[in-house]
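These are the residues of each chain, in order.
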Amino acid sequence: MRDQETYVPFTDDELEATTGEFELSERQALRRVPGLSTELTDITEVEYRQLRLERVVLVGVWTEGTQTDAENSLTELALLAETAGSQVLEGLIQRRSRPDPATYIGRGKVDDLGAVVLASGADTVICDGELSPSQLRNLEQRTKVKVVDRTALILDIFAQHAKSKEGRAQVELAQLEYLLPRLRGWGETLSRQTGGSGRGGGAGGGVGVRGPGETKLETDRRRIRHRISRLRREIKAMRTVRQTKRARRSRNAVPAVAIAGYTNAGKSSLLNRLTGAGVLVENALFATLDPTTRKATAPDGRIYTLSDTVGFVRHLPHQIVEAFRSTLEEVAEADLVVHVVDGTHPDPEEQVRAVREVLAEVGADRLPELLVVNKTDAADEETLLRLKRLWPDAVFASARSGRGIDEVRAAIETRLPSPAVEVRAVLPYDRGALVARVHRQGEVLSSAHLPEGTMLHVRVSEALAAELAPFATDEGRVAAAAR
């Protein structure tokens, strides 16, 4: 009996703390990654938010290469973590022949990692690799903090930066495919159920009619699979639209140039310099994900397109490659790939290898490639000299200062595919629209104005050559017949 006493009900946290089921310190330390819980009311309403990483410890397993390679990989992981909004406190590297199948870094080193987490006050561990569900669970149980792998981190950054409808759908598809095998329940002995199998209906059925029902985990998996199927259909429809636009450019014989490269190498900055596209530029990894296509005009009047693409990174998650395949196919259908390399990066050769690896996955490795070493204004001379010896055909430029941009533009235009058919024709002055098309789509070798019309010596596609045939001069007809 509480005489003259104000009764204040316990909060949910206080009730849990007094049951003795969990120690308060463990409950506060063990925090799950948003979006990876099985608490999904309806998968179609899931909103993927930031991981909200704050204080993190990085850990990597060095299985091959030099120590410098391992340190560069962990440095890149730190940049990814900072892009996601975290503060990196420590970075640890474990030398092993292969990652431990149970704990990634080995059972003995987990205790060392736990000590570092405790001493630094970190609330998250980020591993430089893709962890299996059992590795994630074991590390979280041993370190008592949230554990995130490289794949989840990259997916989270993509979710933050995707703006277009297609980009958001692609990112959600990649996240769901990553999430599906990693769904977890509320414990090893609890069986959450969403309904009985009897007549009672509802969440628990009625007395005497309760059956095993369907566990919440199974329901979530079913919903996720349904959502994945729906997203794939949507992306396939968007892919059809993209193919239609590409086919229209192909019919008009418009050459396509794709700008590819490592993330934060300066692709968007280069596109802005070449075309004035006005694309977002930020000193961050994966700052722009949605491809941008802009028109450019060569000195001879030919029109071509320049397309910015999603940035690459070493060990790019396969979910991302698959989800963004329709976007990456823009690269595979291009006539030329402008491969942008960060001249200030400590290991640009590894960047080039990683990009070419992804290009090979989408069938773009067979295309002509122009290497552009960017950020030369910030790179040291010794590095630039070494890269010039390594890549003698590369063009060196700075998108920020504008130095070398004219050389990049000239190198692109000299590598554009030339139309196949050479024609000499005199077009009447009332056919000005056809003359304009020839200038846009063909390569004008010479032109002159005669009393009867405009005389053109051009290289054009076979379709356009057929339209010019009625106006071809005798010399042009002889050249066409000899061909």
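Residues numbered from 1 in each chain as written. Predicted model: local features only at pLDDT ≥ 70, side-chain atom pairs only at ≥ 80, totals over all residues. Heavy atoms only, no water.

Draft legend 1. Looking closely at the overall build of the protein. Counting its regular elements, the protein contains 17 helices and 13 strands. Taking the intrachain contacts of the protein between residues at least 6 apart in sequence as the baseline, contacts between residues at least 24 apart amount to 69%. When the accessible surface of the protein is summed, it comes to about 24,700 Å², and 49% of that surface belongs to carbon and sulfur atoms. (Helix = DSSP H or I, 4+ residues; strand = E, 2+ residues; numbered from the N terminus. Contact = heavy atoms within 4.5 Å. Areas by Shrake-Rupley, 256 points an atom, 1.4 Å probe, with all protein chains shown as cover.)

Draft legend 2. How the structure looks around the packing of helix H6 (residues 150-161) against helix H7 (residues 165-179). Following both chains from N to C, one finds H6 and H7 inclined at 155 degrees, their axes separated by 9 Å at the closest point. Judged by the inter-axis angle, H6 sits roughly antiparallel to H7. At the point where H6 passes H7, the crossing takes the left-handed sense. Residues Thr151, Ala152, Leu155, Phe158 and Ala159 of H6 pack against Val171, Ala174, Gln175 and Tyr178 of H7. For the contact of H6 with H7, a count of residues per class yields seven nonpolar, two polar and no charged. (Axes fitted to C-alpha atoms, helices over the stretch in contact; angles between N-to-C directions. Parallel < 35°, antiparallel > 145°, perpendicular 65-115°, else oblique. Left-handed = near helix turned anticlockwise from the far one by under 90°. Nonpolar A, V, L, I, M, F, W, Y, C, P; charged D, E, K, R; others polar.)

Draft legend 3. Local environment of the side chain of Gln135. Tracing the chain through its elements places Gln135 in helix H5 (residues 133-143). The buried category is assigned to Gln135, whose relative accessible area is 8%. Looking at Gln135, its side chain comes within polar contact range of the main-chain oxygen of Asp100, at 2.7 Å. At a separation of 2.9 Å, a polar atom in the side chain of Gln135 contacts the main-chain amide nitrogen of Ser132. Setting aside its immediate chain neighbours within four residues, Gln135 contacts Asp100, Pro101, Ala102, Thr103, Tyr104 and Glu130. (Buried < 20%, exposed > 50% of the residue type's maximum accessible area, 1.4 Å probe, protein only. Polar contact = N/O pair within 3.5 Å; in protein donor to acceptor, adjacent residues only side chain to side chain.)

Draft legend 4. Geometry of the packing of helix H4 (residues 107-120) against H5. Two elements in contact, H4 and H5, have axes whose closest approach is 9 Å; the angle formed by their N-to-C orientations is 50 degrees. It follows that H4 is oblique to H5 by the angle criterion. Pair H4 / H5 crosses with right-handed handedness. Here Arg107, Val110, Asp111, Leu113 and Gly114 of H4 come into contact with H5, specifically with Leu139, Arg142 and Thr143. Residue composition of the contact of H4 with H5, grouped by class: three nonpolar, two polar and three charged.

Draft legend 5. Summary view of the layout of surface pockets. Space inside the second largest pocket adds up to approximately 520 Å³. In terms of lining, the second largest pocket is formed by 21 residues, of which the most central are Val61, Thr63, Glu64, Ser73 and His315. Counting residues per element, the ones that place at least two in the lining of the second largest pocket are strand S1 (55-62), helix H3 (67-83) and helix H12 (348-361). For the lining of the second largest pocket, the element with the most residues is H3, which contributes four residues. The residue inventory of the lining of the second largest pocket, partitioned by class, reads seven nonpolar, six polar and eight charged. Both domain 1 (54-160) and domain 3 (253-415) contribute no fewer than three residues apiece to the lining of the second largest pocket. (1 Å grid on protein atoms, 1.4 Å probe; cavity = no way out; pocket = protein on both sides within 12 Å on 5 of 7 lines; lining within 4 Å. Points joined across faces, edges and corners; volume = space filled by probe spheres on them. Domains from an automatic or database assignment.)

Draft legend 6. How the structure looks around unusual backbone geometry. Phi is positive for Lys144, which is not a glycine, with a value near 65 degrees. In this structure, Lys144 sits in the loop between H5 and strand S4 (146-149). For Asn264, which is not a glycine, the phi torsion comes out positive at approximately 65 degrees. Examined against the element boundaries, Asn264 turns out to sit in the loop between strand S5 (256-261) and helix H9 (267-275). A relative accessible area of 22% means that Asn264 is categorised as partly exposed.

Draft legend 7. Structural context of the pattern of salt bridges. The final tally for this structure, using the stated rule, is 17 salt bridges. The residue Glu234 makes a salt bridge to Arg230 at a minimum N-O spacing of 3.5 Å. Pair noted here: Glu234 and Arg230 are both in helix H8 (residues 216-251), with a separation of four residues, about one helical turn. For Glu234, a relative accessible area of 27% corresponds to the partly exposed category. For Arg230, a relative accessible area of 37% corresponds to the partly exposed category. For the salt bridge of Glu467 with Arg437, the shortest nitrogen-to-oxygen distance reads 2.9 Å. Within this pair, whereas Glu467 is found in helix H16 (residues 462-468), its partner Arg437 is found in helix H15 (residues 432-441), the two being separated by 30 residues in sequence. (Salt bridge = Lys/Arg side-chain N within 4 Å of Asp/Glu carboxyl O.)

Draft legend 8. Representation of H4. When the terminal C-alpha atoms of H4 are compared, their 21 Å separation across 14 residues agrees well with the 20 Å that a helix rising 1.5 Å per residue should span. All of the buried residues along H4 are Val110, Leu113, Gly114, Val117 and Ser120. The buried residues of H4 occupy one face: seen down the axis, they fall within an arc of 140 degrees. Pointing more than 90 degrees away from the buried face of H4 are the exposed residues Gly108, Leu118 and Ala119. (Expected span 1.5 Å × (residues − 1). Arc of directions from axis to C-beta.)

Draft legend 9. Spatial organisation of the packing of aromatic side chains. Enumeration over the complete set of coordinates arrives at zero aromatic pairs. Positioned over the ring face of Trp62 is Arg95, at 4.2 Å from the centre of the ring. In this structure, Lys388 is placed above the aromatic ring of Phe396, and the distance from its NZ or CZ to the ring centre is 5.4 Å. (Phe/Tyr/Trp six-rings, centres within 6.5 Å; stacked < 30°, edge-to-face > 60°. Lys NZ or Arg CZ within 6 Å of the ring centre and 35° of its normal.)

Draft legend 10. Just the sheet that holds strand S12 (residues 443-450), in detail. A sheet is described by the order of its strands in space; here three strands give the open sequence S11-S13-S12, paired in antiparallel fashion. Single-partner strands in this sheet number two, and they are strand S11 (421-427) and S12. Put simply, the sheet's adjacent strands are angled 10 degrees from each other on average, direction ignored. Strands in contact with H15 are S11, S12 and strand S13 (453-460); relative to S13, the strand with the most contacts, it is inclined by about 30 degrees. (Pairing = 2+ DSSP bridges.)

Draft legend 11. Seen up close, the confidence of the model for the protein. When pLDDT is averaged across the protein, the result is 76; 75% of the residues are at 70 or more. Here helix H2 (residues 24-29) stands out as the least confident element of the protein, with mean pLDDT 36; strand S10 (residues 395-396) is the most confident, with 95. Below pLDDT 50 for its whole length, residues 185-211 participates in 43 contacts with residues either more than four positions away or in separate chains. Segment residues 476-483: pLDDT under 50, and five contacts once partners within four positions in sequence are set aside and those in other chains are kept. (pLDDT = per-residue confidence, 0-100.)

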